[in-house]
Each structure stands twice: as structure tokens, then as C-alpha cells.
Amino acid sequence: MSARRAEPFRGRKMLTRRMGSGEAWRDTKVGMWAWLLQRVAAIGLVAVIAAHLKNPFARPVQAALLALVLFHGLLGVRTILLDFGLPARWHRLLFLLALLVGVAAFAAFWRWRWY
Amino acid sequence: MVLKVFRWSPGSRERLQKYWVKARQGMTVLDALVELQRNSDATLAFRYACRVGMCGSCAMVVNGRERWACRTLLSNLARGPVTVRPLYQFPLIRDLVVDMAPIKNKMLEMKAVFVPGRRAMDGDGFAQIGSRTRERRAIDAAIECIGCGMCVSACTMVSHDPNFPGPAALNRVFTLQRDSRDGAHADRSQAVLAEDVLTRCHGQANCTAVCPMEISPTDSILALRRRAVLRLFGIGPR
Ligand code: SF4
Ligand code: FES
């Protein structure tokens, strides 16, 4: 069913949350941040991967790549866990875990210096 | 305390009107609005019914968050001016009053209406599902929805995509799909498999964060999605 369904309220005045206003963000919840940050990390990744292909040995680019991959990937794992049925009230905990594991993994990989 | 209240009526321009109320102990946002309406501005329109946090008709956006005005104490809000707006994503009628029809429409679109099936009746009349059964416990929280619309107002995906039925309708679908007395599971799962329905939810859980009945529409939607995926592989119920 791809046809757009009828929208009987078109033309009537309606308020929408304006994301440009501070008020809309004052009470933002963890799940929203997790979603947003994961997408920002994805956009960042595209840029960093391009830079990395140009010069694979630049340390700052490697650091950014590692950080973004961990961040994006772990937030993805969090989403998968929720999709598989972990209750949504674990949002906050899973978000924190993703951040902590990410930082720990970054530190470990970075000290290891495998090449 | 300063209240900045959203004002609009058909044909006029929207504005935030400033009012001053003396916040007494235990005073709620609804109390303040009633007082303003009685004493200083009889044209102020808002809606309420039970005044004790049961019916959901006083749902509005206070300081950027969906809340029931009758249960929101002024003393629990930040000291700065308190902004009061009508729910987002609902057509405005006037000031803080919105038209709740979209909830009903979305429910009808998703066929979220009970249809008696073969198991609807048993020997003693209408079949009952015991309160301790697994079937009942699975939907126990979700059936408490009072249709206040706060979840719909809080959902960023509802504002992004007018075809998305939103958390309230999908939560209702979830309760019906789990009801063994209902006979329309197949039709309904066809409806929720349409474009822009289950796939639209990004699990941000804004709906869950604001639901005054502590329902988690997010969990309901994800459960429907799991069911749909299992169905694709030919396993699991509709
Ligand atoms: S799910 Fe909760 S927030 Fe949404 S309409 Fe029902 S009671 Fe209100
Ligand atoms: S007036 Fe009924 S919930 Fe507030």
C-alpha cells in the first residue's frame, strides 16, 4: 500500500515541535539522544572514511575512525538488543553501557598499536 | 509566577500571552489556568474533566514536555516563566484545546477495533481472559491507555511522516493482536505491514517517556515488529 492515505486535517492549523527552540530540547530523553548521536556519527564516518582512504596512516584520522566506528556500532548493538525484546526502560542503562564500553575499547585498541 | 500561555483562535494570530499567578502551595497548572479564566481572562480556552489525573483531557505541553495539567505542580517546575502550549500534532480548535480526531482516525486506519472471533463466546457468554493468565499479563500495561494523545504529541516520527499511525494507535493494535477472542488478526497485520507503519518507529521512546499511564508504546511497537518479522519467515502467529 504505497498510495498516501487521505489526510483529512490538511489545511488546519497545528503546532509542531520546533527543534530550533531550546524548549523542545529541555526535556529530551536518552533514547532520543542515542538515536540522534548514532546518526551524527554515521555522517561523520562517511567523511572520516574518505579521509582515511586518502591517507591510511594519519594518526588523527585513525583515532577518529576508531572512535566513530565504536560509537556508531555500539549504539547499533543497543538498538538491536531493544529490537530483540529488551524492555525500553533499559534505554538509559544500555546507552550508558554503549558509551562506557566504547571509551574502554577505544583506550584498549589505542594502546595496543598493532602495527 | 509568570505563565506564558499559547493563545490562538480561528482568524487571529497566535501569540504567547503572559499572565501572573500567585503560586499557592499544592497549586497545579490546571488550578492556575482555572484561576486565570475565572479572575482575569474569561476568553482563555482549555479542557479538563476529572481534575485528578484519570481522564487525560487536560493533556498539554508545559515547559516543552507533554503533561497532564491537573497533576503538574507549579512548585515542581523551573522557577522561570512556565510556558503552556496545546499538544503538538493535533489540529487546533482554540487556545489550548485541540481536536483529538486524528487518534481515532489512525486507529480506524489500522483496524484497531475489536472484532469478535470464533473464541469470543464460550458456554457462559462472552469469553473471559483471567487476570493471571499469560495472555492477559502480556498486555496488562498496554490496555490502560486513556487516549490522551501525549505520546503522539511527543513522537518526532509523527511530525516527520503524516502516514505514521503513531504510538497510541499502534499500542492499541498490539493489545488486539494479543487477544485470542479477536477475529481480525490477519486483516490487522496486513494493515500494519503497510509502508510507513512499523518501520517508521526508531525506538526513541519519547512516547514512553511522557505517557502518564506509564505505558510503553515503544515496547508495543517493537513487539508488533518482531511478530511481523517472524511472520515473514512463516513462524509465529499473526
Ligand atoms: S499510550 Fe499513554 S500517552 Fe499515549 S494516548 Fe495512551 S495513555 Fe496517552
Ligand atoms: S483533567 Fe482528567 S487527567 Fe487532568
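The structure this text deals with has already been given above.
In what follows, the accompanying structure is described.

Conventions used here
- Residues numbered from 1 in each chain as written.
- Chains lettered and ligands numbered in written order.
- Predicted model: local features only at pLDDT ≥ 70, side-chain atom pairs only at ≥ 80, totals over all residues.
- Heavy atoms only, no water.
- Axes fitted to C-alpha atoms, helices over the stretch in contact; angles between N-to-C directions.
- Helix = DSSP H or I, 4+ residues; strand = E, 2+ residues; numbered from the N terminus.
- Parallel < 35°, antiparallel > 145°, perpendicular 65-115°, else oblique.
- Left-handed = near helix turned anticlockwise from the far one by under 90°.
- Contact = heavy atoms within 4.5 Å.
- Expected span 1.5 Å × (residues − 1).
- Buried < 20%, exposed > 50% of the residue type's maximum accessible area, 1.4 Å probe, protein only.
- Arc of directions from axis to C-beta.
- Buried area = accessible area lost by both parts, 1.4 Å probe.
- Salt bridge = Lys/Arg side-chain N within 4 Å of Asp/Glu carboxyl O.
- Polar contact = N/O pair within 3.5 Å; in protein donor to acceptor, adjacent residues only side chain to side chain.
- Nonpolar A, V, L, I, M, F, W, Y, C, P; charged D, E, K, R; others polar.

Examining the packing of helix α6 (residues 166-177) of chain B against helix α9 (residues 217-232) of chain B
Packed helix pairs are characterised by how far apart their axes lie and by the angle those axes make with each other.
Residue and element names in this part refer to chain B.
Then, number 1: Between α6 and α9, the shortest axis-to-axis distance is 8 Å and the interhelical angle comes to 55°. When the axes of α6 and α9 are compared, the pair comes out oblique. You can see that α6 and α9 cross each other, and the crossing is left-handed. Of the residues in α9, those touching α6 at Pro-167, Leu-170, Asn-171, Val-173, Phe-174 and Gln-177 are Pro-217, Ser-220, Ile-221, Ala-223, Leu-224 and Arg-227.

Some remarks on helix α4 (residues 91-112) of chain A
Residue and element names in this part refer to chain A.
Then, number 1: In this model α4 runs 31 Å from its N-terminal to its C-terminal C-alpha over 22 residues, within 8% of the 32 Å that 1.5 Å per residue would give.
Then, number 2: Of the positions making up α4, those classed as buried are His-91, Leu-94, Phe-95, Ala-98, Gly-102 and Ala-105. Angularly, the buried residues of α4 cover 100° about the axis, an arc narrow enough to put them on a single face. Seen from the buried face of α4, the exposed residues on the opposite side, beyond 90 degrees, are Arg-92, Leu-100, Val-103 and Arg-111.

Examining the interface of chain B and chain A
Then, number 1: With 46 residues of chain B in contact, the opposing surface of chain A contributes 31 residues.
Then, number 2: At the boundary of chain B with chain A, total buried surface from both sides reaches about 3,300 Å², with 50% on carbon and sulfur atoms.
Then, number 3: Three residues, Tyr-88, Asn-163 and Gln-204 of chain B, lead the burial of chain B against chain A; their summed loss comes to 16% of the area buried on that side.
Then, number 4: For the interface between chain B and chain A, the tally reads 4 salt bridges.
Then, number 5: Arg-225 of chain B is paired through a salt bridge with Asp-83 of chain A; the nearest N and O atoms lie 3.0 Å apart.
Then, number 6: Where chain B meets chain A, there are 11 residue pairs in polar contact (both at pLDDT 80 or more).
Then, number 7: Secondary-structure elements contributing two or more residues to the side of chain B that touches chain A are β4 (65-68), β5 (82-85), β6 (92-94), α2 (101-109), α4 (150-154), α5 (156-160), α8 (206-210) and α9 of chain B.
Then, number 8: Here the residues of the side of chain B that touches chain A sort into 19 nonpolar, 15 polar and 12 charged.

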